[in-house]
Amino acid sequence: MPADEGRPPFLLVVDVGHVIELYSEFSRTGGHYTPYPDTRGYRVSLEDLRQESVRDRLRAIWTDPLSLDPARVSARITRGIANRLGKLAQSLEHDGHEPELTSAFLMRCLFTMFSEDVGLLPHRSFTTLLESFRDNLDYVQPALEQLWQTMNLGGLSLQLRQKLIRFNGGLFHDNTAIALSRDQLELLIESAHADWTNVEPAIFGTLLERALEPTERHKLGAHYTPREYVERLVMPTIVQPLREDWANVEAAATQLEDAGDTTKAVAMVEDFLTRLTQIRVLDPACGSGNFLYVTLEHLKRLEGEVLESLAGFGATQGRLETEGITVDPHQLLGLEINPRAVAIADIVLWIGYLQWHFRTHGNVLPPEPVLKNFHNIQHKDALIEWDDVEPVFDADGEPVTHWDGRTTKPHQATGKEVPDETARLPEQRYIGVRKADWPEADFIIGNPPFIGTSRMRAALGDGYTAAVRGAYKELPESCDFVMYWWHKAAELARAGAIRRFGFIATNSLRQTFNRRVIEPHLAHKKPLSILWAVPDHPWVDAGEGAAVRISMTVAVGGDQPGILKTISHETPGNDEARQVTFIDWSGKVHANLSAGVDIDQAKPLLANAELSCPGVKLHGSGFIVTPERAQKLGLGETPGLEDHIREYRNGSDLTRSPRGVMVIDLFGLEAEEVRRRFPAVYQHVKEEVYPEREAKRGRTKDSNKYADDWWLFGKVRGHLRDSLSDLKRYIATVETTKHRTFQFLDRSILPDNRLVNIALDDAFSLGVLSSRIHEIWALGAGGTLEDRPVYTKSICFDAFPFPSPIDTDKARIGDLAEQLDAHRKTQLAAYPKLTLTGMYNVLVKLRAGEKLTPKDKTIHEQGLVAVLKELHDELDAAVAEAYGWPADLSDEQILEKLLALNLERAAEERAGTIRWLRPEYQNPDGKDPSTQAEIAVAAQDDAQKASKQRLPADLPGRFAAIRSVLSELPEGGNTDSIAGQFKSANRKTVNEILETLVGLGQVSCSEAGVYTQ
Ligand SMILES: C[S@@+](CC[C@H](N)C(=O)[O-])C[C@H]1O[C@@H](n2cnc3c(N)ncnc32)[C@H](O)[C@@H]1O
């Protein structure tokens, strides 16, 4: 199936002529398919086809499968239930019951209703019990208290005439019930009639919070944060890394089983399962637990897959679960300051957990006690702890108060929710304030409160705001409240204490005041990286139910590229969530939530190998002579000396005024031969170079060699000489310079160390290197020195993908490049004061439309800079055409395209095709591609040996390493090339791993033996 269609929501297994089994997975995220609608009804026999409802269901699977998603149906049911509970709560409070007591009572009621629907209590027993009290209202309260007491401890219930399992946990520990009126009882009975099996925990918490909180109740009908939005952040933060771990373990276990070691395979999977049941996820502002619930559900899906795989290996399912080793709410940790939300989050997680249990296990009861008191959701401030608080009084001795920060009322005119200033809390001074510690966790996720800096005092009070700002002095006071959470999580990620964190934050994350929190983390020497980000996403504010815009960020410790997702289309969806489609950008994600192309990913290309080299490094200025001195030493008279006293160029010779100097180059001669053939030169070097070399003897690793070989340059660059030996000219550029220009130098000229020299003599190559496309690459890939760009040859040249143009393009580019080179040389020769830098300074001004100074005008005249500009413009257009790209691409687009082309070429080279730039030198024997491929792999091996890693020792680690190599090879690779990515990897081992991955469908293999992911 095309990848962009996602996974199918249904899988049907047909035992022809007998039964059809239905399995569904509506998140379509690569999760675990579960029996649909449940373990009781998923098998459709031929006989069942007589029922119209069954036929309708089968039809909908083909025509509109998503209409069967219980979450959609559940959302409606859930809203209905919450509305009734809201009404009931209001009525009880109206009778004078405290909101706290009312909400605790209703929570017990709702869990009891849920229990009778899923089978934790006898079916409909609670509803029947409530109905039986219609005429005996006085009995309701004592009867409910007795029932809950029995549920707490387990045992015989006189009310239900059944033995009950032990529920325990915090919920029924306090069994207080409330006496009900007839109307209230009816509302409760109505609620009990609803189908609680499919209540949607992802939204139930929010609705329940609104229903039970008197100040929130009027928002009950407002929108809620859709599950889809929550899932969007949960996936890259938590699920994706865990699924990657599982894919590696599954593959490793499969290989062990194939090798006959089933015991080890089972042990490996059981070990993963045990670790999965120990993963902890923290939401440090968890509200009623929606992020934690969605996470729990995905952990359960993954657990389901692992259990299935265990069964496939012949292990008994359920052994670990009976031993209490199962994914359950103890792994979902929350911090929350609203006590009612704490209680709701707790119950929401248990409802979600039990729903999953009954969906996958059918009627099997969970282990007792059903509810365990894990204390996983803590009623605690996530930012600060303090020793004491004291009230603040004004000058008249009156207590100072502030708005409670949450209570709102509809605005008289607009009807919009606005702060209700009558809801006030006493202002407090915090004593002994310190940063709060968070419980240990593997992942952190959530939607901490956003309060703009200007509203913090009003919403949180002066005392609290001052306490938080005082505890986090390292943060700018101008940052948003949510950034305190971001900062804390970033510190934990950088310290390696958590694997990843993902937060919803304001969409002003990109603005300076918030960037000042993010930037230091990204730029730190032990850095944080943003792995995944959506800078601007629609959202529904849980409190207000209003449509807002937010950002999502997932970050990880270390230096890594990431994915930036920008929305390309956004349309209202069928339910609460807007439908969005994304454009993905990969590269380093910066603090302003933009992604740059990560050129560091580029690979050196064999096509460009062996051609670029810096010039000679003298280690002795005595080698440099003026032409007059050279004459005195015999140049022009002594035969053969012309090969040893040569023209010499450094960077400023090319870009500013040439010094017109020469250099004594005695490469290839022994000292004695120099003395015999060129005694004057011998004496000059002995006197001008030798003493300095001797004086430095022993100072550095190489200085002894320099002293011994005193008549030779420190770095003679034999390789450069070799590469230039068959050429009449070569291309040179200055390593560190303001304008990136390239020019031909005659082979007789010796370049110095600060020139990067390219052993190509064709004008087409000069043209490509002189184009804007190469300039942008060189600027993006190279470094800088004191603001001047540096041409780092290993990436600027070796990794640069040349175009493969047709001959006419090549000729045109070559012609323009010859004109360019000749034009500059002619003008520079004609005007001794004219410099290349001067000409290009004026060219830059011309392009920017800047006014020219009188000095610029002279340069413009002398250098014929308008002609220079035209030549460059035509060259840029011709080179863009040679790549087959439009001429007006942005710099970013050019970099993206070049990087993609580099990776494509690198893959092509691994598969054996190398587009040599100078085949007669680089590949003189013209070996066929397969042999070339071997040379290629060997050469690349040498070049990259230092950076290569060994194949990890543990089997899952090996699978992870090979999958990671494959993910970087869009064109794939064969066993040899993949093995070649590791230091001394055994080919057979690598092949076995690849074949196992093919067997599992994680990798495919072509007939030619090329593996792709
Ligand atoms: C935006 S809500 C998110 C809740 C939930 N994830 C949702 O989407 O409904 C933020 C939550 O953080 C809680 N909160 C505010 N300040 C807090 C603090 N200092 N420590 C812990 N929780 C806090 C609020 O009570 C609220 O429930």
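Conventions adopted
Residue numbers restart at each chain and count upward from 1, following the sequence in its written direction. This being a predicted model, a pLDDT of at least 70 is required before a residue's local features are given, and a value of 80 or more before pairs of side-chain atoms are given or counted; all residues contribute to the totals for chains, interfaces and linings. Excluding hydrogens and water, the side-chain figures rest on all heavy atoms present in the structure. Should DSSP find at least two bridges between two strands, the strands are taken to pair. Comment: elements are numbered from the N terminus, with helices defined as DSSP H or I runs of at least four residues and strands as E runs of at least two. Axis lines are fitted to C-alpha atoms, over the contacting stretch for helices. Their N-to-C directions set the angle, which ranges from 0 to 180 degrees. Two residues form a contact once any of their heavy atoms are found within 4.5 Å. Roughly parallel means an angle under 35 degrees; roughly antiparallel means over 145; roughly perpendicular covers 65 to 115; every other angle is labelled oblique. Charged residues are taken to be Asp, Glu, Lys and Arg, nonpolar residues to be Ala, Val, Leu, Ile, Met, Phe, Trp, Tyr, Cys and Pro, and polar residues to be all remaining types, Gly included. Only protein chains enter the accessibility calculation, which uses a 1.4 Å probe; a residue whose area is less than 20% of its type maximum is buried, one above 50% is exposed, and one in between is partly exposed. When we say a residue is near a molecule or strand, we mean one of its heavy atoms is within 4 Å of it. Contacts described as polar in this section are N or O atom pairs within 3.5 Å, which, within protein, must combine one atom able to donate a hydrogen with one able to accept it, while residues neighboring in sequence count only if both atoms come from side chains. Calculation of accessible area relied on Shrake-Rupley with a 1.4 Å probe; when residues are assessed, cover is drawn exclusively from the protein chains displayed. Residues grouped as a nonpolar core are buried Ala, Val, Leu, Ile, Met, Phe, Trp, Tyr and Cys residues, joined through side-chain atoms within 4.5 Å. The term disulfide is used for any two cysteine sulfur atoms that are within 2.5 Å. For every residue, the predictor reports its confidence as pLDDT, a number between 0 and 100. Should a side-chain nitrogen of Lys or Arg be within 4 Å of a carboxyl oxygen of Asp or Glu, the pair is scored as a salt bridge.

## Quick look at the sheet that holds strand S32 (residues 755-758)
One open sheet holds the 4 strands; their spatial order is S25-S32-S29-S30, and the pairing between them is antiparallel. A strand with exactly one partner marks an edge of an open sheet, and here the two such strands are strand S25 (612-614) and strand S30 (743-746). Averaged over neighbouring strand pairs, the angle between their axes works out to 40 degrees when direction is ignored. Helix H27 (residues 807-830) rests against strand S29 (729-734) and S30 of the sheet, and its axis sits at about 70 degrees to S30.

## Here we look at the packing of helix H3 (residues 99-118) against helix H12 (residues 339-361)
Look at H3 against H12: their axes get within 12 Å of each other, and the N-to-C directions meet at 0 degrees. By the angle between their axes, H3 is roughly parallel relative to H12. Residues Pro99, Glu100, Ser103, Met107, Leu110, Phe111, Phe114 and Val118 of H3 touch H12, and the partners they reach there are Arg340, Ala343, Ile344, Ile347, Ile351, Leu354, Gln355 and Phe358. For the contact of H3 with H12, the class distribution of residues is 12 nonpolar, 2 polar and 2 charged.

## Side note on the pairing of strand S20 (residues 528-540)
Counting buried residues along S20, 12 of its 13 residues qualify, which places the element largely inside the surrounding structure. Both S20 and strand S21 (residues 547-557) contribute to a ladder of 10 bridges, which runs antiparallel. Paired with Ile530 across the strands is Ala555, a residue of S21. Where S20 hands over to S21, the hairpin turn is made up of 6 residues, of which Gly545 adopts a positive phi near 70 degrees. Relative to strand S22 (residues 562-571), S20 is paired through 2 bridges, and the arrangement is parallel. Paired with Ala533 across the strands is Leu564, a residue of S22.

## Considering the site of the ligand
Within the structure, the ligand sits among 16 residues, and Asn290, Glu336, Ala382, Asn447 and Ala542 are positioned closest to it. Contact distances for the ligand include 3.3 Å between a nitrogen atom and a side-chain N or O atom of Asp381. Tyr464 is positioned such that a nitrogen or oxygen atom in its side chain is 3.2 Å from a nitrogen atom of the ligand. Its free accessible area being 590 Å², the ligand has 86% of it covered by the protein chains. Among the residues forming the shell around the ligand, the class breakdown is 10 nonpolar, 3 polar and 3 charged.

## Points about the nonpolar core
Residues Phe105, Phe111 and Ile962 are the most contacted members of the largest nonpolar core, which totals 129 residues. Per element, the largest residue contribution to this core is 14 residues, and it comes from helix H8 (residues 227-258). Apart from the residues lying within four places of it in its own chain, the contact partners of Phe111 are Leu120, Phe167, Leu171, Phe172, Ile347, Ile351, Leu354 and Leu371. Ranked by size, the runner-up nonpolar core spans 68 residues in total, among them Leu611, Cys613, Leu843 and Ala880.

## Quick notes on the sheet that holds strand S31 (residues 750-751)
A sheet is described by the order of its strands in space; here 4 strands give the open sequence S26-S28-S27-S31, paired in mixed fashion. Two strands close off the open sheet at either side, each with one partner strand: strand S26 (624-625) and S31. One ladder, built from 2 bridges, connects strand S27 (residues 645-649) with S31; its direction is parallel. Bridging across to S31, Arg649 finds its partner in Pro751.

## Section: the environment of Ala811
Structurally, the position occupied by Ala811 is in helix H27. You can call Ala811 partly exposed: its relative accessible area is 49%. Sequence spacing of Ala811 and Asn608 is 203 residues, and the spatial spacing of their C-alpha atoms is 20 Å.

## As for the state of the cysteines
Overall, the coordinates contain 0 disulfides when judged by the stated rule. You can see Cys613 has no disulfide; the closest cysteine sulfur is in Cys796, sitting 15 Å from it.

## Considering the confidence of the model for the protein
Overall, the prediction assigns the protein a mean pLDDT of 89, with 95% of residues at 70 or greater. In this model residues 935-943 is a low-confidence stretch, pLDDT under 50, and it forms 11 contacts with partners more than four residues away in sequence or in other chains.

## Considerations on the pattern of salt bridges
By the definition in use, this model includes 56 salt bridges. With a shortest N-O distance of 3.5 Å, Arg275 and Asp271 are connected by a salt bridge. Residue Arg275 and its partner Asp271 are located together in helix H9 (residues 262-276), separated by 4 residues, close to a single helical turn. Residue class for Asp271 comes out partly exposed when judged on its relative accessible area of 42%. In this structure, Lys715 engages Asp702 in a salt bridge whose closest nitrogen and oxygen atoms are separated by 3.5 Å. Of this pair, Lys715 sits in the loop between helix H22 (703-708) and helix H23 (718-724) while Asp702 sits in the loop between helix H21 (690-695) and H22, and the two are 13 residues apart along the sequence. A residue is classified by how much of its surface remains accessible, and Asp702, at 29% relative accessible area, is partly exposed.

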